[in-house]
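Geometric and topological summary
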Amino acid sequence: MLGSACIAQMFVIVMTGLAIGFTPLDDKKPPVSANSNDTTPAEIFEQRIMPIFRSPQPSSCIQCHLSSVDLKQYVLPSHEKTFLSLRDQGLIDLEQPRHSKILKLIEMGNQDPDEGARRIHAEMRKAEYEAFASWIEASCRDPELRDLPPLTESERARPERPDAVIRHARKSRVVDSFVRNIWSQRMRCFPCHTPHEIQPRQKAALKKQQDFEDEYGEAMRIFYATPEETIDHLIKQSKQTEPGRLPMLNLDDPSQSLLVVKPTSKVPRKDASGNFEPPSFSGQVTHMGGLKMHRDDQSYKSFLAWIDDYANVTGDRYTSVKDLPSDNWHPTKRVIRIKQAPENWEVGTPVQMFVHAWDTQTETWSEEAVAFTQGTVTPRRMVNGALFLLSPTDPHLAARWDRAKVLVPQQKYLVKAYVDFHNRLANDPALLLGNDAFWGQAELKRPRWRVGFPKSEMLTGEQFQKR
């Protein structure tokens, strides 16, 4: 297994697709002393800030952000306008320069739990901090500069992306989303692709995984000991995809990522001797493990949603808040089933179910759904799905949200069914259907919310009534 420092380094470098480094100071000029009161802000700016501004290399922001922000985006060619821009945005503390917000933003990498990433970026982060701290202190000592009138909004320097988009591109947010959408469901791939989950007493599982690994090598190792190691491995493997294979993460076409194509593929055919043909990794993909998820179930949806979001983040494709996915799914093992589905629900049709809670204060159903799942109509005319909890879209409510209080036993809930009659999910698997797909709703009285499909909450098709 790779060492933790190596893993951290590859994780940062591969996720950004950029080399790590910074441009050194101009060696033709003597360095400016951080403690010199005789040096003007303009001199410090030219010698210590402008090299950062002119550097083709990304700043230390990439330690925490995969896109959308770079320190040089806060710098203008003029030292006066740069100071005013930062001052006017509340990023400079005139009375306590060392407490300036821009310095705290630079220092955020010091709190990164990824020790390897902290070490990789330490030198660059220190150079940026000392340059900005020296220049800000000198500028704050200049009363004329401090008191200049504010710049107009259009004159200020800042990243083009809104703050919410910048936060969405944070590495920690991407890892958290991976944990919720993919890592939490890794046991679908047990034991073949999850060697770290096999216990010593599980001898049959251990032998099966070892036999496959002996035959197919590193291709069998998908889930590692931690989410961070797993992401690193998936990205590395995608960057080094052999000819004739789909990448594990296909950022140009997420639906063609091997991570979702393999588990939705059937076993290879058998040859004339009765032996399985070698599995395929492109074209008509086959999977020695057979079907582990269906294209229209909730797991496929969450896997693909993460890959699509990761592709958009690293490609810097989100330009506004409305572009961002809700990213508020939290998987559970609580299951809802519909039996005796209506006759016009054809077999194979995707159905989405949204669960709304009863608000005892307003005596109405919650406007936002508290949980969601998706399944397809089976030949036995059933629809099954494990629920994802949905945290509130309002950030103030989300901050106080407690997932343990969402599905409360013995309280009543409303289940709304949306049916994909027009095959919209085929083109957009991560889509949540809207009112045009609404079929009907049914009250779920006194649910027990136990774990697993055998103990699922059951409804019948005839219970669903139009509003």
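As the structure is a computational prediction, the values presented were derived from the model and not from experiment.

**What about the overall build of the chain?**
When you go through the chain residue by residue, the secondary structure sums to 13 helices and eight strands. For the chain, the C-alpha atoms occupy an extent of roughly 85 × 65 × 40 Å along the three principal directions. For the chain, buried positions account for 49% of its 467 residues. Considering only contacts in the chain between residues 6 or more positions apart, those separated by 24 or more positions represent 68%. Total accessible area computed for the chain in this model is approximately 24100 Å², and 50% of it derives from carbon and sulfur atoms. Computed over 62 positive and 61 negative side-chain charges, the separation of the two mean positions in the chain equals 8 Å.

**Structural notes on the packing of helix H8 (residues 171-181) against helix H12 (residues 298-314)**
Following both chains from N to C, one finds H8 and H12 inclined at 165°, their axes separated by 9 Å at the closest point. As the angle between them shows, H8 and H12 are arranged roughly antiparallel. The handedness of the crossing between H8 and H12 is left-handed. When H8 is examined against H12, the residues Arg173, Val174, Ser177, Phe178 and Asn181 are found in contact with a partner set consisting of Ser302, Phe303, Trp306, Asp309, Tyr310 and Val313. Among the residues forming the contact of H8 with H12, the class breakdown is six nonpolar, three polar and two charged.

**A closer look at the environment of glycine 385**
Note that glycine 385 resides in strand S5 (residues 383-390). Taking the relative accessible area as the measure of exposure, glycine 385 reaches 0% and is therefore buried. Considering only alpha carbons, one finds glycine 385 and valine 351, 34 residues apart in sequence, at a separation of 9.5 Å. Setting aside residues no more than four positions away along its own chain, glycine 385 makes contact with Gln298, Arg334, Val335, Ile336, Thr373, Gln374 and Phe453.

**What about the pattern of salt bridges?**
In a structure, side chains of opposite charge can pair up when their charged atoms sit close to one another. Inspection of the entire model under this criterion finds 22 salt bridges. In this structure, arginine 188 and aspartate 297 form a salt bridge, with 3.6 Å as the shortest nitrogen-oxygen distance. Within this pair, whereas arginine 188 is found in the loop between H8 and helix H9 (203-216), its partner aspartate 297 is found in the loop between helix H11 (258-261) and H12, the two being separated by 109 residues in sequence. When its relative accessible area of 26% is taken as the criterion, arginine 188 is described as partly exposed.

**Some words on the layout of surface pockets**
The space that makes up the largest pocket amounts to roughly 890 Å³. Around the largest pocket, the lining comprises 42 residues; the ones closest to its centre are Glu218, Ala219, Met220, Arg221 and Gln237. Elements represented by at least two residues in the lining of the largest pocket include exactly helix H1 (4-16), H9, helix H10 (227-239) and H11. Taken together, the residues of the lining of the largest pocket break down into 22 nonpolar, ten polar and ten charged.

Conventions we followed
- Residues numbered from 1 in each chain as written.
- Predicted model: local features only at pLDDT ≥ 70, side-chain atom pairs only at ≥ 80, totals over all residues.
- Heavy atoms only, no water.
- Helix = DSSP H or I, 4+ residues; strand = E, 2+ residues; numbered from the N terminus.
- Buried < 20%, exposed > 50% of the residue type's maximum accessible area, 1.4 Å probe, protein only.
- Contact = heavy atoms within 4.5 Å.
- Areas by Shrake-Rupley, 256 points an atom, 1.4 Å probe, with all protein chains shown as cover.
- Lys, Arg positive; Asp, Glu negative; His and termini not counted.
- Charge placed at Lys NZ, Arg CZ, Asp CG, Glu CD.
- Axes fitted to C-alpha atoms, helices over the stretch in contact; angles between N-to-C directions.
- Parallel < 35°, antiparallel > 145°, perpendicular 65-115°, else oblique.
- Left-handed = near helix turned anticlockwise from the far one by under 90°.
- Nonpolar A, V, L, I, M, F, W, Y, C, P; charged D, E, K, R; others polar.
- Salt bridge = Lys/Arg side-chain N within 4 Å of Asp/Glu carboxyl O.
- 1 Å grid on protein atoms, 1.4 Å probe; cavity = no way out; pocket = protein on both sides within 12 Å on 5 of 7 lines; lining within 4 Å.
- Points joined across faces, edges and corners; volume = space filled by probe spheres on them.

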